[in-house]
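Summary of the model geometry
The residues making up each chain are set out below.
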Amino acid sequence: MPSWFEYPTTRRFLLGAGALLGGSSAVRLALGQASTSPAAPQAAADSEQHAGHQTSEDAHNTHDGMTTVGEVDYERNGFDPHDILTDWDTGTASRLPDGRTLREFDIIAEDKEIEIAPGIFFPAWTYNGRVPGPTLRVGEGDRVRVRFRNFGSHPHTIHFHGIHAARMDGVPGAGNVLPGGEFTYEFDAFPFGCHLYHCHSVPLKRHIHKGLYGAFIIDPDPARHLELADVARSRVLGSPENALWQEFVLVMNGFDTNFDDENEIYAVNSIAHAYSKRPIVVDRARPIRLYLINITEFDPINSLHLHANFFDYFDHGTTLTPTLKTVDTIMQCQGQRGIAEISFRDHEPGLYMFHAHQSEFAELGWMSLFDVQDGTTKPAREG
């Protein structure tokens, strides 16, 4: 078996080793400043031995040591991944002469350094100062108007996954905005479902992996789906039927910290292990709806696996009946998305894991927990 020092010292290896060793060594290794002390192998062995003496609760919370060490400064970042879960942006609503709803949004692109794991900073390009950008939520058939201003250092666009005219496509030649410029995108919201938006300037992989993306959710109009109107109403934000659900948006992403076209950090909503260090509290009496989006660059697929339970999955969220029933793992290619509906009603309270089923992704940040409790949560706020 190779010794510790015979492994390739890639950034990905160093980050994984840092997570196991813990303490300041995690940040030092993550920055590529690996210790050459002969004590390093023994330190790893001691760490593994110590993990065996953890309490069961500690071991569950850290998944046997596969977690980052320390805390991210969310105030400095300007966003908290726990807020992103339910921070729906419904825009400024008004009524058009034909009776339809107009929803207007303002989005700004800007360069901003963010902390993606304790002590690890990334020179991001952001929409409205955060990664992912704001979760835009509208109704099927609404008129959507987005005023986009580019305060960044490179040309940027907003490409919406949905149905719209070619001149609104947010690609070079159709909504590409130079630094200091602006453009207004306008279209009708179709089809209903779980969608996304992202920059489509070239080189595309750079503009996406730097952070220019966000969730775009179109709630179904029950009047257009009379055969399943009750199901449609359960997805309409602010309706009594929707208040019975616990809804969360999860944007699966990765970060190439040394720009070698390989990710060193994985996460949902950008912060490594955010939801394993502070699990998502849910009420077991109310069903859960996850709006799941994969925008991970440099890896062909990402995935979600739920422990001790199964769920129904709606690919792209564009149907009111499941495309997959009773599954515990789904895969998504980049840009793919969907809705997962889960119930813990018949489970005992406790911590239930969900994570990528690529083990490396989980070790490097994409590991999370639901804290299933009795009667502890309230319906998510609107807007």
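Residues numbered from 1 in each chain as written. Predicted model: local features only at pLDDT ≥ 70, side-chain atom pairs only at ≥ 80, totals over all residues. Heavy atoms only, no water.

Let us now look at the sheet that holds strand S18 (residues 329–333). Spatially, five strands are ordered S13-S21-S20-S15-S18 in an open sheet, and the strand pairing comes out mixed. In this open sheet, the two strands that pair with only one neighbour each are strand S13 (280–283) and S18. Between one strand axis and the next, the sheet turns by 25° as a mean value, whatever way the strands run. (Pairing = 2+ DSSP bridges. Helix = DSSP H or I, 4+ residues; strand = E, 2+ residues; numbered from the N terminus. Axes fitted to C-alpha atoms, helices over the stretch in contact; angles between N-to-C directions.)

Glancing now at the sheet that holds strand S7 (residues 159–160). Sheet architecture is open: five strands sit in the order S1-S5-S10-S9-S7, paired in mixed fashion. In the strand order of this sheet, the two ends are held by strand S1 (88–89) and S7, each with one partner. Of the strand pairs in this sheet, strand S9 (residues 193–198) and strand S10 (residues 213–219) are connected by six bridges, and their pairing is antiparallel. Bridge pairing in S10 places Gly 193 opposite Ile 218.

This part covers the packing of aromatic side chains. Under the definition given, this model contains 17 aromatic pairs. Seen in terms of ring centroids, Phe 122 and Phe 255 are 5.1 Å apart; in terms of plane orientation they differ by 70°. Their pairing is edge-to-face. Of this pair, Phe 122 sits in strand S4 (residues 120–127) while Phe 255 is found in strand S11 (residues 246–255), placing the two residues 133 residues apart along the sequence. For the pair Phe 122 and Phe 255, one class covers both residues: buried. Ring centres 6.1 Å apart and planes at 75° place the aromatic pair Tyr 127 and Phe 148 in the edge-to-face group. (Phe/Tyr/Trp six-rings, centres within 6.5 Å; stacked < 30°, edge-to-face > 60°. Buried < 20%, exposed > 50% of the residue type's maximum accessible area, 1.4 Å probe, protein only.)

Counted by the stated rule, this structure contains 21 salt bridges. The shortest N-O distance in the salt bridge between Glu 113 and Arg 76 comes to 3.0 Å. With Glu 113 in strand S3 (residues 101–117) and Arg 76 in helix H5 (residues 74–77), this residue pair connects regions lying 37 residues apart in the sequence. Taking relative accessible area as the criterion, Arg 76 reaches 40% and is therefore assigned partly exposed. (Salt bridge = Lys/Arg side-chain N within 4 Å of Asp/Glu carboxyl O.)

Counting buried residues in S9 gives six out of six residues, a clear majority hidden from the surface. Because side chains alternate across S9, one face comprises the buried residues Gly 193, His 195 and Tyr 197, and the other comprises Cys 194, Leu 196 and His 198, equally buried.

Attention now goes to the environment of Pro 118. The residue Pro 118 is located in the loop between S3 and S4 in this model. You can call Pro 118 buried: its relative accessible area is 9%. Placed 154 residues apart in sequence, Pro 118 and Ala 272 show a C-alpha to C-alpha distance of 8.4 Å.

What follows covers the nonpolar core. With 60 residues, the main nonpolar core has Leu 290, Phe 311, Trp 366 and Phe 370 as its most contacted residues. Among the elements that make up this core, the one with the highest residue count is S11 (six residues). In terms of nonpolar packing, the next biggest core, distinct from the first, is built from 25 residues, Ala 109, Val 138, Ala 189 and Cys 199 among them. (Core = buried A, V, L, I, M, F, W, Y, C linked by side-chain atoms within 4.5 Å.)

Considering the arrangement of structural elements, one finds His 305 in strand S15 (residues 301–306). A polar side-chain atom of His 305 sits 2.9 Å from a polar atom in the side chain of Thr 329. (Polar contact = N/O pair within 3.5 Å; in protein donor to acceptor, adjacent residues only side chain to side chain.)

We now examine the environment of Gly 129. With respect to the helices and strands, the residue Gly 129 is situated in the loop between S4 and strand S5 (135–139). Residue classification places Gly 129 among the buried residues on the basis of a relative accessible area of 6%. Along the sequence, Gly 129 and Phe 79 sit 50 residues apart, while their C-alpha atoms lie 8.2 Å from each other. If near-sequence neighbours (up to four positions away) are discounted, Gly 129 is found in contact with Asn 77, Phe 79, Glu 110 and Lys 112. (Contact = heavy atoms within 4.5 Å.)

Cis geometry marks the peptide bond from Val 131 to Pro 132, where omega comes out at -5°. With respect to the helices and strands, Pro 132 occurs in the loop between S4 and S5. Between Val 202 and Pro 203 the backbone carries a cis peptide bond, its omega angle lying at -5°. With respect to the helices and strands, Pro 203 occurs in the loop between S9 and helix H7 (204–209). For Asn 269, which is not a glycine, the phi torsion comes out positive at approximately 60°.

With respect to the helices and strands, Asp 230 occurs in helix H8 (residues 229–234). For the pair formed by Asp 230 and Leu 320, sequence separation is 90 residues and the distance between their alpha carbons is 9.9 Å.

Attention now moves to the confidence of the model for the protein chain. Per-chain confidence: the protein chain averages 87 in pLDDT, with 80% of residues scoring 70 or above. Per-element confidence in the protein chain ranges from a low mean pLDDT of 35 for helix H2 (residues 23–30) to a high of 99 for strand S14 (residues 288–294). In this model residues 13–57 is a low-confidence stretch, pLDDT under 50, and it forms 49 contacts with partners more than four residues away in sequence or in other chains. Residue range residues 379–383 is modelled with pLDDT below 50. Its contacts to residues more than four positions away, or to other chains, number 13 contacts. (pLDDT = per-residue confidence, 0-100.)

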